[in-house]
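# Topology and contacts: notes
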Amino acid sequence: MTDPDPLLATLAALDPTIADPPPEPGSPRHRLILERAMSTTEPRTDSEPERGPAPVVPVDRRVPRRTRRRLLALAGGAAAAAVLAVVAVTVLGAPGDRPDPVAALTEAADATGDVDSLRVRGTYTDAEGTRTLNGEADGSDSHIVLTSPDGAAEERTVIGDQMWDDEEDGPITVTPDLVNAPYPEASRAVVRAALRGAVVEDLGSETAGGVEADHYAIELGDAGIAALGALSPTLVAQFELENPAGVTALEVWVAEDLIRRIEVETSVDMGGQVQVTRVTLEFLDLGADITIEPPG
Amino acid sequence: MEEDAFAALYRAHAAEVWRFARRRCASADEAADATADTFAVAWRRRHDLPPADEARLWLLGAARRVLANHHRSARRRAGLDERLAAVPRAPGPADPADLVDDADPLWAALASLPAHQRDLLVMRAWDGLAVTEIAALLGCTPNAASIRLTRARDRLAVALDRKGRAPSRTSPGRGPDDGGGTDDRP
């Protein structure tokens, strides 16, 4: 495997097994290892995992929220069904009242990709707790503060090819392939990829980022999963979308033809224990006059 | 699982398990021992091994535990040897730090990292494991593995720079939680 990261690719060249390969299949040494393994009758030791290291198998995509909602409505009986019907009318409205969801999302993704500056706030929630993000960006320059569940804050500033973070005394040099793409560019790429072969549901209007926004749920199809998987890591990392097959919910809020919020939920089966991660990023002050300054 | 099926499992995965061990051992002989012990675990557990497509990670996880036991045993032996002062100390546990060619700045940079960060980089760069697979082996979330891996990579880049050799096309780029397929960065 050639790692796309040049540093890791260079490191890979130092792999000692390049010069010292394993025994050839069929060789005496190869057979001996197997014979020794199969001759054992020792009791289980602490080397043996109870059920092995957690296999990484993305869980089957869970019942989509839409379906779950419908099932709940049915279970709730006639009253719930009636409520659902009212909601459905509200959401769907009369033909022509609401834009086509796919077209609306595509336009918003493209328009958002053209945005130069914004502020972002978000949350990353998993079994370890919730980390909060606050930041602002001007082009590829950015400043973010990430606060851990224990209250510890990490701060990072990128200006041009210089980056400051809490763990370094001064700026270090970065290259574009080693930093995340700006939020607008990443949002455009992710939403456009996700829309391939997707089923999009219009969930109506609600407030996002302080404005009234149209809320859409994207149910990924195989094409979308493949397209997301093909994106550069620098485009998907902000949304923790490195494992698109594990996505259980991907929702987008649009206002004034711009993406205002993206929410991604992923679920991975860690050896029988499902790990759920939810990322919510909200974009504010799109196009505002923002200048990123070096840390004082 | 019968003998034939187990032998097929061995043929399919022996080389990778051996390499996994060799990267963490000082010699091919030690790697062979660890490989045999790993498959011994699998043989004893052959009736409840995971399905074929999950067996690879299961075996690597078992290898990791086997190696940890080997290293603990080596340390115990070393301690005993010290007390007895009778025989030469057993070889130390396998660790990239022990394999360092100080003349190579990248080796030296790798050796300067904490063991847990070296382990992450070895899993990624040498074992070729995906972040989700590393997470499975470490028993953490992919996000957490991503964070740790990115930190390790950045530390390596910084260490390399400080040793006077800029990495090709790269530098201590991403922030500690930043960037790439191994990224956690918001």
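None of the values given here were measured: they were computed from a predicted structure. (Residues numbered from 1 in each chain as written. Chains lettered and ligands numbered in written order. Predicted model: local features only at pLDDT ≥ 70, side-chain atom pairs only at ≥ 80, totals over all residues. Heavy atoms only, no water.)

Of regular secondary structure, chain B possesses 7 helices and 0 strands. Secondary structure of chain B in N-to-C order comes out as α-α-α-α-α-α-α. Per-residue burial over chain B gives 60% buried out of 186 residues. For chain B, contacts bridging at least 24 residues in sequence account for 55% of all contacts bridging at least 6. Here chain B has roughly 7200 Å² of accessible surface; of this, 50% comes from carbon and sulfur atoms. (Helix = DSSP H or I, 4+ residues; strand = E, 2+ residues; numbered from the N terminus. Buried < 20%, exposed > 50% of the residue type's maximum accessible area, 1.4 Å probe, protein only. Contact = heavy atoms within 4.5 Å. Areas by Shrake-Rupley, 256 points an atom, 1.4 Å probe, with all protein chains shown as cover.)

Moving on to the overall build of chain A. Within chain A, the regular secondary structure consists of 9 helices and 12 strands. A burial count over chain A gives 48% of its 296 residues as buried. Sequence separation of at least 24 residues holds for 56% of the intrachain contacts in chain A that already meet a minimum separation of 6. Summed over all atoms, the accessible surface of chain A reaches about 13900 Å², with 54% contributed by carbon and sulfur.

Another aspect to go through is the nonpolar core. Leu11 of chain A together with Phe39, Leu110, Leu121, Trp126 and Leu156 of chain B are the most contacted members of the largest nonpolar core, which has 62 residues in total. Residues contacting Phe39 of chain B, with those up to four places away along its chain left out, are Ala37 of chain A together with Phe6, Leu9, Tyr10, His13, Ala14, Val17 and Leu59 of chain B. (Core = buried A, V, L, I, M, F, W, Y, C linked by side-chain atoms within 4.5 Å.)

With that out of the way, let us pick up the packing of aromatic side chains. Residues and elements named next belong to chain B. Counted according to the given criterion, the structure contains 5 aromatic pairs over all chains. Ring geometry for Tyr10 versus Phe39: centroids 4.9 Å apart, planes at 75°, classification edge-to-face. Note that Tyr10 is positioned in helix H1 (residues 3-22) and Phe39 in helix H2 (residues 28-44), a separation of 29 residues in sequence. The residues Tyr10 and Phe39 share a single accessibility class, namely buried. (Phe/Tyr/Trp six-rings, centres within 6.5 Å; stacked < 30°, edge-to-face > 60°.)

What the rule picks out here adds up to 23 salt bridges over all chains. Note that Arg36 of chain A is salt-bridged to Asp33 of chain B, the shortest N-O span being 2.8 Å. Linking Arg36 of chain A in helix H3 (residues 28-38) with Asp33 of chain B in helix H2, this pair reaches from one chain into another. Its salt-bridge partner being Glu256 of chain A, residue Arg260 of chain A comes within 2.7 Å of it at the nearest N-O pair. Using a relative accessible area of 64% as the deciding quantity, one classes Glu256 of chain A as exposed. Among the charged side chains, a network of salt bridges with common partners joins Asp15 of chain A together with Arg23, Arg24, Arg64, Asp119 and Asp127 of chain B. (Salt bridge = Lys/Arg side-chain N within 4 Å of Asp/Glu carboxyl O.)

All right, on to the side chain of Thr35 of chain B then. Position of Thr35 of chain B relative to the elements: it lies in helix H2. In contact with Thr35 of chain B, not counting residues within four places along its chain, are Ile33 of chain A together with Ala14, Val17, Trp18 and Ala21 of chain B.

Residue and element names in this part refer to chain A. In terms of strand pairing, strand S8 (residues 199-208) meets strand S9 (residues 211-219) through 8 bridges, oriented antiparallel. Each residue of the ladder has a partner; that of Val200, found in S9, is Ile218. The hairpin formed by S8 and S9 contains 2 residues between the paired strands, and Gly209 there has a positive phi angle of roughly 60°. (Pairing = 2+ DSSP bridges.)

Turning our eyes to something else, we now look at the packing of H1 of chain B against H2 of chain B. Residue and element names in this part refer to chain B. Where H1 contacts H2, the axes come no closer than 9 Å and their chain directions differ by 140°. Judged by the sense of rotation from one axis to the other, the crossing of H1 with H2 is right-handed. When H1 is examined against H2, the residues Glu3, Phe6, Leu9, Tyr10, His13, Ala14, Val17, Trp18, Ala21 and Arg22 are found in contact with a partner set consisting of Ala28, Ala31, Ala32, Ala34, Thr35, Thr38, Phe39, Ala42 and Trp43. Classifying every residue of the contact of H1 with H2 by side-chain character gives 14 nonpolar, 3 polar and 2 charged. (Axes fitted to C-alpha atoms, helices over the stretch in contact; angles between N-to-C directions. Left-handed = near helix turned anticlockwise from the far one by under 90°. Nonpolar A, V, L, I, M, F, W, Y, C, P; charged D, E, K, R; others polar.)

Next up on the list: the environment of Asp202 of chain A. All names here are of chain A. Among the structural elements, Asp202 can be located in strand S8. With relative accessibility at 8%, the residue Asp202 sits in the buried group. The sequence separation of Asp202 and Pro99 amounts to 103 residues, and the corresponding C-alpha distance is 9.2 Å. At 2.8 Å, the side chain of Asp202 forms a polar contact with the backbone nitrogen of Gly204. (Polar contact = N/O pair within 3.5 Å; in protein donor to acceptor, adjacent residues only side chain to side chain.)

This part is about unusual backbone geometry. Residues and elements named next belong to chain A. Positive phi values are uncommon outside glycine, yet Glu240 reaches one of about 55°. As for its position among the elements, Glu240 is in the loop between helix H9 (233-236) and strand S10 (247-255). For Glu240, a relative accessible area of 9% corresponds to the buried category. Here Asp257, not a glycine, exhibits a phi torsion of approximately 65°, which is positive. Among the secondary structure elements, Asp257 is positioned in the loop between S10 and strand S11 (258-270). Take Asp257: its relative accessible area is 47%, and that puts it in the partly exposed class.

Take helix H5 (residues 115-126) of chain B next. Since there are 3.6 residues in each turn of an α-helix, residues three or four apart along the chain are aligned in direction. All names here are of chain B. For H5, built from 12 residues, the straight-helix expectation of 16 Å at 1.5 Å per residue is met to within 8% by its first-to-last C-alpha distance of 15 Å. Listing the buried residues of H5 in full gives Gln117, Arg118, Leu120, Leu121, Val122, Met123, Arg124, Ala125 and Trp126. Among the residues trailing H5, Gly128 stands out with phi positive, at a value near 70°. (Expected span 1.5 Å × (residues − 1).)

We now examine the confidence of the model for chain A. Per-chain confidence: chain A averages 77 in pLDDT, with 75% of residues scoring 70 or above. When the criterion is pLDDT under 50, residues 42-96 of chain A qualifies, and its contacts beyond four places in sequence or with other chains add up to 93 contacts. (pLDDT = per-residue confidence, 0-100.)

The next subject is the pairing of strand S2 (residues 117-126) of chain A. Sheet topology places S2 of chain A next to strand S3 (residues 129-138) of chain A; 10 bridges connect them, and they run antiparallel. Within the sheet, the bridge partner assigned to Gly122 of chain A lies in S3 of chain A and is Leu133 of chain A.

All names here are of chain B. Interhelical geometry of H5 versus helix H6 (residues 131-138) gives an angle of 135° and a closest axis separation of 10 Å. The angle between the axes of H5 and H6 places the two elements in the oblique class. Relative to H6, the crossing made by H5 is right-handed. For the pair formed by H5 and H6, the contact residues are Leu120, Met123 and Arg124 on the first element and Val131, Ile134, Leu137 and Leu138 on the second. Across the contact of H5 with H6, the residue classes break down as 6 nonpolar, no polar and 1 charged. (Parallel < 35°, antiparallel > 145°, perpendicular 65-115°, else oblique.)

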